[in-house]
Amino acid sequence: MEFLSQMWSLLGLLTILQNVLPSQLLSLLHSLWQSLQDSLTPYSYFDVPEFLGSASVEPNDLYRHVHLYLHQSVLSSPSLPPPRLTVSLPRSNSNLSSTSPSLSLSPNHSLDDTFNGHHLVWTLHADTLQDSLEERRSFSLRLPKRHASTLLPAYLAHVSNSADSLERSSRTRRLHTNSQRGGGAWMSVPFRHPATFDTLALDPSVKSQLLADLSAFSDGKEFYHRTGRPWKRGYLLHGPPGTGKSSLIAAMANYLRYDVYDLELTRVTSNSDLRELLIQTTNRSVIVIEDIDCSLELTGDRRNHQFGKVDKNMNKRQRVQSFDDDSDFEDYSRRDEGRVTLSGLLNFTDGLWSCCGEERIIVFTTNFADGIDPALLRAGRMDVHVRLGHCGAHAVRELVERYVGVREHHLLDNTERYIQAGAEMTPAEVGEVLLRNREVPETAVRELVAELQRRAGASGEEEDEGWEDSGAESSEGSSEKKGKKGKPGSGWEGKVRFLGRLRSLTKSDSGRRGV
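Residues numbered from 1 in each chain as written. Predicted model: local features only at pLDDT ≥ 70, side-chain atom pairs only at ≥ 80, totals over all residues. Heavy atoms only, no water.

### Things to note about the overall build of the protein
In step 1: Broken down by element type, the protein carries 17 helices and 16 strands.
In step 2: In the protein, which comprises 515 residues, the proportion classed as buried is 41%.
In step 3: Within the protein, contacts between residues at least 6 apart in sequence are counted, and of these 69% link residues at least 24 apart.
In step 4: In the structure as shown, the protein presents an accessible area of about 29,400 Å², 52% of it carried by carbon and sulfur atoms. (Helix = DSSP H or I, 4+ residues; strand = E, 2+ residues; numbered from the N terminus. Buried < 20%, exposed > 50% of the residue type's maximum accessible area, 1.4 Å probe, protein only. Contact = heavy atoms within 4.5 Å. Areas by Shrake-Rupley, 256 points an atom, 1.4 Å probe, with all protein chains shown as cover.)

### Structural notes on helix 7 (residues 245-256)
In step 1: Between its first and last C-alpha atoms helix 7 spans 17 Å; for twelve residues at 1.5 Å apiece the expected length is 16 Å, and the two agree.
In step 2: In terms of residue burial, helix 7 counts as a mostly covered element, since nine of its twelve residues are buried.
In step 3: Turning to helix 7, the residues buried within the fold contact helix 4 (148-170), helix 5 (204-218), strand 11 (232-238), strand 12 (259-262), strand 13 (285-289) and strand 14 (360-366).
In step 4: Downstream of helix 7 by a residue or two, Arg257 has a phi angle that is positive, lying close to 60°. (Expected span 1.5 Å × (residues − 1).)

### Structural notes on the nonpolar core
In step 1: Counting residues in hydrophobic clusters, the biggest one holds 29 residues, and the most contacted among them are Phe197, Tyr235, Leu248, Met252, Val286, Ile361 and Val363.
In step 2: Secondary-structure elements contributing two or more residues to this core are helix 5, strand 11, helix 7, strand 13, strand 14 and strand 15 (384-387).
In step 3: At seven residues, helix 7 tops the list of elements feeding residues into this core. (Core = buried A, V, L, I, M, F, W, Y, C linked by side-chain atoms within 4.5 Å.)

### Topic: the sheet that holds strand 6 (residues 109-115)
In step 1: Taken in spatial order, the four strands of this open sheet run 1-8-7-6, and their pairing is antiparallel. Two strands lie at the open edges of the sheet, namely strand 1 (43-49) and strand 6, each paired on one side alone. Ignoring strand direction, the axes of neighbouring strands in this sheet form an average angle of 25°.
In step 2: Here strand 7 (residues 118-128) runs beside strand 8 (residues 135-144); their pairing, made up of eight bridges, is antiparallel. Bridge pairing in strand 8 places Val121 opposite Arg142.
In step 3: Docked against the sheet, helix 4 engages strand 1, strand 6, strand 7 and strand 8, running at close to 125° with respect to strand 8. (Pairing = 2+ DSSP bridges. Axes fitted to C-alpha atoms, helices over the stretch in contact; angles between N-to-C directions.)

### Concerning the environment of His109
In step 1: Relative to the helices and strands, His109 is located in strand 6.
In step 2: The class of His109 is partly exposed, set by a relative accessible area of 28%.
In step 3: Along the chain, His109 and Trp122 lie 13 residues apart, while their C-alpha atoms are 8.4 Å from each other.
In step 4: Once residues within four sequence positions are removed from consideration, His109 is found in contact with Arg84, Trp122, Thr123 and Leu124.
In step 5: Only 2.9 Å separates the side chain of His109 from the backbone oxygen of Pro107, close enough to count as a polar contact. (Polar contact = N/O pair within 3.5 Å; in protein donor to acceptor, adjacent residues only side chain to side chain.)

### A closer look at unusual backbone geometry
In step 1: Even without being glycine, Arg284 reaches a positive phi, approximately 55°.
In step 2: Among the structural elements, Arg284 can be located in the loop between helix 8 (271-280) and strand 13.
In step 3: The buried category is assigned to Arg284, whose relative accessible area is 16%.

### Thoughts on a nonpolar patch on the surface
In step 1: There is a patch of nonpolar side chains on the surface, built from Leu25, Leu28, Leu29 and Leu32 and spanning about 360 Å² of accessible area.
In step 2: Take Leu28: it is sitting in helix 2 (residues 23-40).
In step 3: The exposure class assigned to Leu28 is partly exposed, which follows from its relative accessible area of 47%. (Patch = residues over 30% accessible without salt bridge, like charges linked within 9 Å, V, L, I, M, F, W, Y side chains within 5 Å. Salt bridge = Lys/Arg side-chain N within 4 Å of Asp/Glu carboxyl O.)

### Notes on the pattern of salt bridges
In step 1: Enumeration according to the criterion identifies 18 salt bridges in this entry.
In step 2: Where Asp61 meets Arg64, a salt bridge forms, and the shortest distance between an N and an O atom there is 3.4 Å. Of this pair, Asp61 and Arg64 both sit in helix 3 (residues 61-74), separated by three residues, roughly a single helical turn.
In step 3: When its relative accessible area of 32% is taken as the criterion, Arg64 is described as partly exposed.
In step 4: The shortest N-O distance in the salt bridge between Arg454 and Glu451 comes to 2.6 Å. One end of the pair is Arg454 and the other is Glu451, both in helix 16 (residues 441-455) and three residues apart, which spans about a single turn.
In step 5: Given the relative accessible area of 60%, Arg454 is considered exposed.
In step 6: Glu451 gets classed as buried once you look at its relative accessible area, which sits at 19%.

### Remarks on the packing of aromatic side chains
In step 1: One pass over the structure, following the stated rule, counts eleven aromatic pairs.
In step 2: Through a chain of ring-to-ring contacts, three or more aromatic side chains come together here, namely Tyr63, Tyr69, Phe115, Trp122, Phe139 and Tyr155.
In step 3: The lysine or arginine in question, Arg142, covers the ring of Tyr43, its NZ or CZ lying 4.0 Å from the ring centre. (Phe/Tyr/Trp six-rings, centres within 6.5 Å; stacked < 30°, edge-to-face > 60°. Lys NZ or Arg CZ within 6 Å of the ring centre and 35° of its normal.)

Written as structure tokens, this is what we have:
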């Protein structure tokens with residue numbers, strides 16, 4: 001009883017002193033007491049606030065990393081006894097793809113962790129501001145004082161890397177497209193394309209090279225920073241229609257777990273709008289321009305215009321004199337204003353504005369690579385060229401097994417002979433034959449082989465799937481099939497080139513009429 005009475009007396013004295021002494025003196029005494037404690041304790045303490053600065057407006061990324069780390073690596077560990085936890089469901093518009101309950105550390109509770117043989121303690125603090133309902137949260141980390149200088153940087157890097165992996169694997173990815181209203185606006189929906197590299201009928205060597213290249217890019221942060229290169233990579237996917245270019249893009253995005261930005265160039269009215277769209281794209285994204293040769297007449301910027309010969313070294317007066325009359329020059333000037341030019345697209349892929357983000361992949365697709373201006377295809381813009389051709393014997397067998405579950409069939413032994421004889425079918429065509437007969441595998445195989453036999457009479461020179469570095473003179477790993485060589489411009493390539501030119505001429509004629 002005597003001890004309790006002394007304690008009550010001491011508390012009463014402290015209360016009186018707190019009311020009598022000036023606040024500045026109390027703050028000084030508190031600081032001295034904290035300093036005395038810090039000098040005697042064997043631990044160092046580090047605070048990680050939720051927001052930075054006195055205004056508490058800018059979020060602290062490290063706080064978010066610690067929160068995710070404790071959720072993933074510590075709270076789910078069966079070897080550690082769980083403390084008091086907070087259970088919650090993610091918001092409907094949350095970036096996390098999982099809808100299962102989420103566990104987090106409750107305020108003013110601690111959690112133990114170990115790293116490199118050292119014992120560490122995390123504590124979540126939640127303080128309500130005076131005369132306000134606002135709550136400020138922060139994590140504090142306690143670790144051995146003797147090893148603090150060497151332990152802290154390595155441990156925080158470990159926390160950030162673990163949180164980064166969790167965030168990448170669990171967040172909902174989005175498929176974006178630019179708005180029809182023009183300007184720099186994106187619209188998006190959840191990205192749930194099922195294509196993976198396991199579902200693609202790719203040549204095994206092409207598939208392995210693509211996977212290795214994508215993995216090296218994703219893990220290359222230190223390399224790109226050390227060499228002074230922007231952390232981006234360009235891929236050109238080209239080949240006949242139906243060979244799986246769009247599916248390959250989806251497989252690349254699923255493999256890397258990146259968002260996808262599908263850029264429709266015909267909706268972009270100027271270079272400034274194109275630049276604004278680029279700025280709004282996020283890191284870890286795939287930026288796609290499909291059918292680049294048909295989207296806009298970009299090669300016209302590098303050729304003489306129909307109104308007169310215009311040299312890039314001419315000044316404005318000389319350019320005016322090269323036209324027949326003033327109306328021709330006004331028409332030419334109007335063509336460069338209010339539209340995307342080749343220069344604008346080059347800056348988009350490899351200019352200063354292309355460096356406004358990190359870990360981005362830019363993909364162009366085309367049915368006819370020769371229709372694209374060479375300036376867009378050089379190394380540094382389109383670094384890797386991948387040709388997707390008609391199905392080979394290996395791809396046919398792979399599709400048959402995937403669609404109807406038939407691994408071996410005596411009729412499939414004839415596919416290679418028919419393909420060598422000139423039979424050509426794209427993966428989309430093979431898939432359609434198998435799809436409509438998927439309930440009867442025997443019929444599916446027979447109809448597919450019969451179709452290949454029917455097409456075996458047609459012959460032509462066609463490249464198989466191949467991997468190309470943009471700096472290489474020839475396609476590495478590509479092959480040619482024996483057969484007759486068609487006339488220049490004949491076949492699907494000539495048709496694609498003709499339709500692309502017809503479309504661009506139609507647009508130019510409509511623009512001159514003010515349509």
